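# Coordinate inspection notes
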Amino acid sequence: IAITMIASLAQRLVRCVCAHCAEEFKPEAADFAQLGRTPADAQGATFRRGRGCDACRHTGYHGRIAIYEMLPFSNEIKEMTIRREPSTHIKRRAIELGMRTLRNSGWERVRDGKTTFEEVVRVTAESDVFDDAKA
């Protein structure tokens, strides 16, 4: 099947910060660490969270937005698949080749103030922790 594959796509839905009760906040170092980031990665970011209101049923969230991970099946990735290399090796190589992971896609949504650190951690796998922050 590896020979016929073009790409593999993973998608998760994260809850959006409620527009009615959103407030800016300054995250702590532990928040960044959850996503394998540092405060230095936050240059120009706007972090928001919902206080809770009637519009969001006091959850702080209203609506959902998708985060994506796409693994293009290059010849190298196809060969690794045929050789039955461990998925972690394939994923690491894909990241080196420029693949953006679910956590990185989620990080962009957090930086834009559209969702929270906790939401991205909630919907992404713990295996994404090894992600290269620059990928």
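Residues numbered from 1 in each chain as written. Predicted model: local features only at pLDDT ≥ 70, side-chain atom pairs only at ≥ 80, totals over all residues. Heavy atoms only, no water.

### Here we look at the side chain of Ser105
- The residue Ser105 is located in helix H4 (residues 102–111) in this model.
- Accessibility expressed as a relative area gives 3% for Ser105, which makes it buried.
- A distance of 3.1 Å separates a polar side-chain atom of Ser105 from the backbone nitrogen of Tyr68.
- The residues touching Ser105, leaving out its near neighbours within four places in the chain, are Ile67, Tyr68 and Arg100. (Helix = DSSP H or I, 4+ residues; strand = E, 2+ residues; numbered from the N terminus. Buried < 20%, exposed > 50% of the residue type's maximum accessible area, 1.4 Å probe, protein only. Polar contact = N/O pair within 3.5 Å; in protein donor to acceptor, adjacent residues only side chain to side chain. Contact = heavy atoms within 4.5 Å.)

### Quick look at unusual backbone geometry
- Phi at Arg57 is positive, roughly 55 degrees, even though this residue is not glycine.
- Inspection of the secondary structure puts Arg57 in the loop between strand E3 (48–50) and strand E4 (61–72).
- Taking the relative accessible area as the measure of exposure, Arg57 reaches 73% and is therefore exposed.
- A positive phi angle, close to 60 degrees, is found at Arg84, a residue other than glycine.
- Structurally, Arg84 can be placed in the loop between helix H2 (75–82) and helix H3 (87–96).
- Looking at Arg84, the relative accessible area reads 76%, which means it is exposed.

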